[in-house]
Amino acid sequence: MKRAIVMGASSGIGFEVAQVLLERGWQVGLAARRVELLAELESRFAGQVSVARIDITTDEAASQLLDLIGRMGGVDLYFHVSGVGWNNPQLDIDREMTTMATNACGFTRMMDTVFGYMSENGGGHIAAITSIAGTKGLGPAPAYSATKALQNTYIQALEQLARSRSLNIRFTDIRPGFVDTDLIAGSSYPMLMDKRKVARKAVDSALAGRHVAVVDWRYALLTPLWRCLPRWVWRRINLLVKK
């Protein structure tokens, strides 16, 4: 039975990714701050689940992840879904700093930890849910779009590093568009996607060995257009959405 760890498995896309992997017969380590929300998966998939309370913003998170890997006897696929983000046009400093702590510092901590483990234990596969928000700086969500750009670049850098060191570590950067989760509840975003469908596409993309996967086809068409827009055009676009 193959072994996966889903970081951020208690809700949203993370919960759905964990459920998809369990339904496909994987042994899954469920990691989250709110482990009480994982009771349903524990009961439905008895014998397939290991649970760990991990807050990726803490210094202890690295050792807690390694402990979970040890309890599982190793890991073949690490799936990083943990993240936060808000519409924050008023630049509430607490929200911006929380986003930075989770999506930048916490992300880096977990990526480096699992990269280090896999480099010493025969390799593996690292997949992460990032976002199309990393394509351009989004005025209503500065910290969110900036940290997603960081994640895209960090994965690319680790991929190059693994190859230069001849390590058997593969990567998949999964970039969804707007997904109907609690993070954007109450906002009028266009082209909202169902989190269950996004999770299935994310798992399929990782298992197919894709390096970068934009979910779905509409966003795959949209994001290259965003990249082509010159800065003077982009800064004139109003992306504010009504609550």
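Just above, that's the structure.
Below, the structure is looked at part by part. A quick note: this is a predicted structure, and the numbers were derived from the prediction, not measured.

Comments concerning the overall build of the chain
Regarding its fold elements, the chain presents eight helices and seven strands. Expected size for 243 residues packed as a compact globule is a radius of gyration near 18 Å; at 17 Å, the chain falls within 12% of this value. Seen along its three principal axes, the alpha-carbon backbone of the chain occupies a region of about 55 × 40 × 35 Å.

Focus: the pattern of salt bridges
Across all of its chains, the model carries ten salt bridges by this definition. The salt bridge involving R44 is made with E23; its shortest N-O contact spans 3.9 Å. With R44 in helix α2 (residues 39–44) and E23 in helix α1 (residues 12–23), the pair connects residues that are 21 residues apart, well separated along the chain. Looking at R44, the relative accessible area reads 40%, which means it is partly exposed. By relative accessible area, which is 42% here, E23 ends up partly exposed. For R44, the salt bridge identified is with E40, shortest N-O distance 3.1 Å.

A look at helix α3 (residues 61–72)
Between its first and last C-alpha, α3 extends 17 Å over twelve residues, near the 16 Å set by a 1.5 Å rise per residue. Taken together, the buried positions of α3 are occupied by A61, L65, L68, I69 and M72. Burial along α3 is one-sided: seen end-on, the buried residues are contained in an arc of 100 degrees. Looking at the buried side of α3, the elements it contacts are β1 (3–7), β2 (27–32), β3 (49–53), β4 (77–80) and α4 (93–120).

So, the environment of N88
In this structure, N88 sits in the loop between β4 and α4. Here N88 is in contact with R95, E96, P140, A141 and P142, once residues within four sequence places are set aside. A polar side-chain atom of N88 sits 2.9 Å from the main-chain amide nitrogen of D92.

Comments concerning the sheet that holds β2
Spatially, the seven strands line up as an open sheet ordered β3-β2-β1-β4-β5-β6-β7, and their pairing is parallel. This sheet does not close on itself; its edge strands, each paired only once, are β3 and β7 (212–215). With direction set aside, neighbouring strand axes in the sheet form an average angle of 15 degrees. Helix-sheet contacts for helix α5 (residues 142–164) involve β5 (124–129) and β6 (169–176), and the interaxial angle to β6 is about 160 degrees.

Observations concerning the environment of V212
Tracing the chain through its elements places V212 in strand β7. In this structure the C-alpha to C-alpha distance between V212 and Q156, which are 56 residues apart in sequence, comes to 9.5 Å. Each residue touching V212, except ones within four places of it in the same chain, is listed here: D173 and R175.

Describing the pairing of β3
Note that β2 and β3 share five bridges and pair parallel. Within β3, the residue paired with L30 across the bridge is V51. With α2 bridging β2 and the parallel β3, this β-α-β connection has right-handed handedness.

Observations regarding unusual backbone geometry
Cis peptide bonds are those with omega within 30 degrees of zero, and the linkage from V215 to D216 qualifies with 0 degrees. Within the element layout of this structure, D216 appears in the loop between β7 and α7 (217–228). Even without a glycine there, the phi angle at L91 is positive, about 55 degrees. Structurally, L91 is set in the loop between β4 and α4. One non-glycine residue, S166, adopts positive backbone phi at about 55 degrees. Positionally, S166 belongs in the loop between α5 and β6. A residue is classified by how much of its surface remains accessible, and S166, at 67% relative accessible area, is exposed.

Calculation criteria
- Residues numbered from 1 in each chain as written.
- Predicted model: local features only at pLDDT ≥ 70, side-chain atom pairs only at ≥ 80, totals over all residues.
- Heavy atoms only, no water.
- Helix = DSSP H or I, 4+ residues; strand = E, 2+ residues; numbered from the N terminus.
- Rg over C-alpha atoms; globule rule 2.2 N^0.38 Å.
- Salt bridge = Lys/Arg side-chain N within 4 Å of Asp/Glu carboxyl O.
- Buried < 20%, exposed > 50% of the residue type's maximum accessible area, 1.4 Å probe, protein only.
- Expected span 1.5 Å × (residues − 1).
- Arc of directions from axis to C-beta.
- Contact = heavy atoms within 4.5 Å.
- Polar contact = N/O pair within 3.5 Å; in protein donor to acceptor, adjacent residues only side chain to side chain.
- Pairing = 2+ DSSP bridges.
- Axes fitted to C-alpha atoms, helices over the stretch in contact; angles between N-to-C directions.
- Right-handed = clockwise from strand over helix to strand, strands pointing away.

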